[in-house]
Each structure stands twice: as C-alpha cells, then as structure tokens.
Amino acid sequence: MIFDGLIMSAAANEMRRNLLGARVDKIYQPFGLKLTMTVRQPGKNIKILISAEPKTARVHITQAEYENPYNPPPFCKLLRKHLISSRIIQIDQVGLDRILRITFLRSPEETPKVLVVET
C-alpha cells in the first residue's frame, strides 16, 4: 500500500537526520520479535526500536524503556558481534515499499553490514 510506504519514507527521513554517523553502542532483544539499539551521537544517546511483531511491525526512534532478559537470545548475540562499535553510514528505503536498509561500517578494512527491516 502506498500509504504504508509513505509512513516508512517519513521514518527513514527522520532516522537519516538523527542517525547518520552514529556509533552503535548497545543492542538488546527484550522480546522475541523486538530489538532495541542504542546509538551514540556527539553529546547524546538515541534509541531505535525495531519490531517484527505481525500486528505492530515498525521501526522508529523511541524513548521507551524495556526490561531486557538476563541472557540475550542468539539473534541478539549475532547482531552484537557484527554491529557493536560500527557506525551507521547509510539509511535507505527500498522504492516505496515498507523495507528499510540500514548500512553499518566498523572500519574501512571491513565489509559494510546491512540490516534489512521489513514492516
């Protein structure tokens, strides 16, 4: 639906304005299908919520706090391994679809990593 694509476009623009160049500091998976990522910009922390829940799939900047499990799930560990300390270098929406690609780079010697979010 075009309306959903326009909502994703607005979210992508907001994220570009606030997150480009930010360093990934923390990644948590408070629930099975929700991720939170805290990124650091000079002088402030910004939290991103990524939800793949069927009825409430979304990605946006948030200030909400979630209780995190003591032991992170395997997917969270994988994301931490590849994304912690990297910088967000690109945020793109795929056409007018509800797909957002966030590109991360840790160092110039490494291959950029891309997290694809579909809502």
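Remember, predicted model here, so these are calculated numbers, not experimental data.

Student: Would you explain the overall build of the chain in this entry?
Tutor: For the chain, the helix and strand inventory stands at two helices and seven strands. Reading the secondary structure of the chain in the N-to-C direction produces α-β-β-β-β-α-β-β-β. Over its C-alpha trace the chain gives a radius of gyration of 14 Å, about what one expects of a compact globule, namely 14 Å for 119 residues. Principal-axis analysis of the C-alpha atoms gives the chain an extent of 35 × 35 × 25 Å. When each of the 119 residues of the chain is scored for burial, the buried share is 36%. On the chain, the mean spot of the 18 positive side-chain charges and the mean spot of the 11 negative ones are 4 Å from each other.

Student: It is not clear to me how unusual backbone geometry should be interpreted in this structure. Could you clarify?
Tutor: Peptide bonds are trans in most cases, and residues, glycine excluded, mostly fall at negative phi. Although it is not a glycine, Ser85 sits at a positive phi angle of roughly 75°. Within the secondary structure layout, Ser85 lies in the loop between α2 (74–83) and β5 (87–93). The exposure class of Ser85 is partly exposed, given its relative accessible area of 40%.

Student: Can you walk me through the pairing of β5 in this structure?
Tutor: Two faces belong to every sheet, and in a regular strand the side chains alternate between them. Note that β5 and strand β6 (residues 99–105) share six bridges and pair antiparallel. Paired with Ile88 across the two strands is Phe104, which belongs to β6. The turn linking β5 back onto β6 is made up of five residues, and Gly95 within it adopts a positive phi angle of 55°.

Student: It is not clear to me how the environment of Pro42 should be interpreted in this structure. Could you clarify?
Tutor: One can find Pro42 in the loop between β2 (34–41) and β3 (44–51). Residue classification places Pro42 among the exposed positions, given a relative accessible area of 78%. Residues Pro42 and Ser85 lie 43 residues apart in sequence; the distance between their C-alpha atoms is 14 Å.

Student: Is there a simple way to think about α2 in this case?
Tutor: Every α-helical turn comprises 3.6 residues, leaving residues that sit three or four positions apart pointing alike. Residues Cys76, Leu79 and Leu83 constitute the buried set of α2. End-on, the buried residues of α2 take up no more than an arc of 60°, which puts them together on one face. Residues of α2 that are exposed and point over 90 degrees away from its buried face: Pro74 and Lys81. Buried positions along α2 lie against β1 (23–31), β2, β6 and β7 (113–118).

Student: Explain the nonpolar core here, please?
Tutor: Soluble globular proteins tend to bury their nonpolar side chains together. In terms of nonpolar packing, the biggest core is built from 24 residues, with Met37, Val39, Ile48 and Leu100 touching the most fellow members. The set of elements that each furnish at least two residues to this core consists of α1 (2–19), β1, β2, β3, α2, β5, β6 and β7. If you tally residues by element for this core, the top one is α1, at four residues. Dropping the residues within four chain positions of it, Ile48 is found in contact with Met15, Leu19, Leu35, Thr36, Met37, Val39, Val59, His60, Ile61, Thr62 and Ile88.

Student: Help me understand the side chain of Thr119, please; the structure alone is not making it clear to me.
Tutor: One can find Thr119 in the segment after β7. A relative accessible area of 19% means that Thr119 is categorised as buried. Dropping the residues within four chain positions of it, Thr119 is found in contact with Met8, Ala57, Arg58, Val59 and Arg98.

Thresholds, definitions, all that
- Residues numbered from 1 in each chain as written.
- Predicted model: local features only at pLDDT ≥ 70, side-chain atom pairs only at ≥ 80, totals over all residues.
- Heavy atoms only, no water.
- Helix = DSSP H or I, 4+ residues; strand = E, 2+ residues; numbered from the N terminus.
- Rg over C-alpha atoms; globule rule 2.2 N^0.38 Å.
- Buried < 20%, exposed > 50% of the residue type's maximum accessible area, 1.4 Å probe, protein only.
- Lys, Arg positive; Asp, Glu negative; His and termini not counted.
- Charge placed at Lys NZ, Arg CZ, Asp CG, Glu CD.
- Pairing = 2+ DSSP bridges.
- Arc of directions from axis to C-beta.
- Contact = heavy atoms within 4.5 Å.
- Core = buried A, V, L, I, M, F, W, Y, C linked by side-chain atoms within 4.5 Å.

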